[in-house]
Amino acid sequence: MKTLIDRILKDGKCYEGGILKVDKFINHQLDPNLMKQIAVELIRRYASTEINKIITVEASGIAPAIMMGFLLDLPVVFAKKKKPSTMADMLSSTVFSFTKQREYHVCISKEYLTPEDKVLFVDDFLAYGNAAKGIMDLCKQAGAELVGMGFIIEKAFQNGREAIEAAGIRCESLAIIDSLDNCEIKIRQ
Ligand code: 5GP
């Protein structure tokens with residue numbers, strides 16, 4: 001997606017350890033217009049797929065997910081990273097965060113992920129695919145069908161796509177980073 005690629009090259013910043021900072025338009029300050037274009041492109045790619053729910057993980061996945069949910073008139077569920085004390089019937093899975101170097105949980109109420117659901121998972125980044133694996137596990141526990149995954153940015157050199165495709169799940173990314181070596185952003189054109 002050219003607008004997104006241009007924006008990453010203009011405003012993205014590289015950090016040691018293969019981390020890309022996009023705080024100016026995705027992870028802290030948000031660009032609603034760009035987010036709408038992102039949602040429209042993901043919807044276009046999944047136009048022939050039957051979906052009845054968008055799921056994501058808090059916090060940075062919520063913006064693209066709600067844009068898609070709004071445009072498709074579908075409910076959006078975000079997995080919580082802490083189990084709320086008020087939520088009794090929870091599905092839960094453990095995820096290792098590579099940016100924070102620690103484990104966290106992804107939790108969704110059984111009320112909001114059920115065997116009737118055909119789910120599209122949306123997130124800001126695909127890195128090693130750990131969050132994606134956590135979501136696959138939650139969908140399996142719920143008996144929900146995971147029909148695909150959509151990411152704003154994929155860091156291809158961290159190979160997260162392999163686990164998703166090995167599970168037979170379609171994976172779409174709008175910008176694919178091939179390398180962040182020497183703090184230089186190399187994007188697939
Ligand atoms: P994964 O679970 O695929 O290893 O990592 C994806 C999650 O980690 C995303 O939800 C995202 O929040 C975070 N993440 C991974 N790599 C980066 C990165 O380079 N920059 C930012 N801002 N977040 C990242």
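Heads up: these notes are all about the structure in this document.

Definitions and limits used
- Residues numbered from 1 in each chain as written.
- Predicted model: local features only at pLDDT ≥ 70, side-chain atom pairs only at ≥ 80, totals over all residues.
- Heavy atoms only, no water.
- Helix = DSSP H or I, 4+ residues; strand = E, 2+ residues; numbered from the N terminus.
- Rg over C-alpha atoms; globule rule 2.2 N^0.38 Å.
- Buried < 20%, exposed > 50% of the residue type's maximum accessible area, 1.4 Å probe, protein only.
- Contact = heavy atoms within 4.5 Å.
- Lys, Arg positive; Asp, Glu negative; His and termini not counted.
- Charge placed at Lys NZ, Arg CZ, Asp CG, Glu CD.
- Pairing = 2+ DSSP bridges.
- Right-handed = clockwise from strand over helix to strand, strands pointing away.
- Near = heavy atom within 4 Å.
- Polar contact = N/O pair within 3.5 Å; in protein donor to acceptor, adjacent residues only side chain to side chain.
- Areas by Shrake-Rupley, 256 points an atom, 1.4 Å probe, with all protein chains shown as cover.
- Axes fitted to C-alpha atoms, helices over the stretch in contact; angles between N-to-C directions.
- Parallel < 35°, antiparallel > 145°, perpendicular 65-115°, else oblique.
- Left-handed = near helix turned anticlockwise from the far one by under 90°.
- Salt bridge = Lys/Arg side-chain N within 4 Å of Asp/Glu carboxyl O.

Let us look at the overall build of the protein chain. A count of helices and strands for the protein chain gives six helices and ten strands. The C-alpha atoms of the protein chain give a radius of gyration of 16 Å, which matches the 16 Å a tight globule of 189 residues would have. Taking the principal axes of the C-alpha coordinates as reference, the protein chain spans close to 45 × 35 × 30 Å. Relative to its 189 residues, the protein chain shows a buried fraction of 50%. Expressed as a percentage of contacts within the protein chain between residues at least 6 apart in sequence, the contacts between residues at least 24 apart total 62%. Of note, the protein chain has its 25 positive side-chain charges centred 3 Å away from the centre of its 25 negative side-chain charges.

Moving on to the pairing of strand 3 (residues 53–57). Of all five residues that make up strand 3, five are buried, and the element is covered over most of its length. Burial along strand 3 is two-sided: Lys53, Ile55 and Val57 and Ile54 and Thr56, pointing in opposite directions, are all buried. Here strand 3 pairs with strand 7 (residues 118–126) via three bridges, running parallel. Residue Lys53 lies in a different strand from strand 7, and its bridge partner there is Val119. Two elements, strand 3 and strand 4 (residues 76–79), share four bridges in a ladder whose sense is parallel. Each residue of the ladder has a partner; that of Val57, found in strand 4, is Ala79. Note that the unit made of strand 3, helix 4 (residues 62–72) and strand 4 has a crossover that is right-handed.

This part is about the site of the ligand. Neighbouring the ligand are 16 residues; Leu20, Ala127, Gly129, Ala131 and Lys155 lie closest to it. The contact in question runs from an oxygen atom of the ligand to an N or O atom on the side chain of Asp124, over 3.2 Å. Tyr128 is positioned such that a nitrogen or oxygen atom in its backbone is 2.9 Å from an oxygen atom of the ligand. Starting from 500 Å² of accessible surface for the ligand in isolation, the protein chains cover 87%. If you list the elements that add at least two residues to the shell around the ligand, you get strand 2 (19–21), strand 7 and helix 5 (130–142). Considering each element in turn, the shell around the ligand owes the most residues, four residues, to strand 7.

This part is about the packing of helix 1 (residues 2–11) against helix 3 (residues 32–45). At a closest axis distance of 10 Å, the pairing of helix 1 and helix 3 adopts a crossing angle of 135°. Taken as axis vectors, helix 1 and helix 3 run oblique relative to one another. Crossing of helix 1 over helix 3 shows left-handed handedness. Packed against helix 1, whose contacting residues are Thr3, Leu4 and Arg7, the element helix 3 presents Leu34, Gln37 and Ile38 at the interface.

Before going further, it helps to examine the environment of Gly134. Summarising the element assignment, Gly134 is placed in helix 5. On the basis of relative accessible area, Gly134 is assigned to the buried category, the value being 3%. Distance in space between the C-alpha atoms of Gly134 and Val57 is 9.9 Å, their sequence separation being 77 residues. Discounting chain neighbours no more than four positions away, the residues touching Gly134 are Ser93, Val95 and Val106.

Residue position: Asp124 is located in strand 7. Buried Asp124, no salt bridge; nearest opposite-charge side chain is Lys81, N-O distance 7.7 Å. A distance of 2.9 Å separates a polar atom in the side chain of Asp124 from a polar atom in the side chain of Asn27. Non-local contacts of Asp124, meaning those with residues more than four positions away in its chain, are made with Ile26, Asn27, Ser60, Gly61, Phe151, Ile152 and Ile153.

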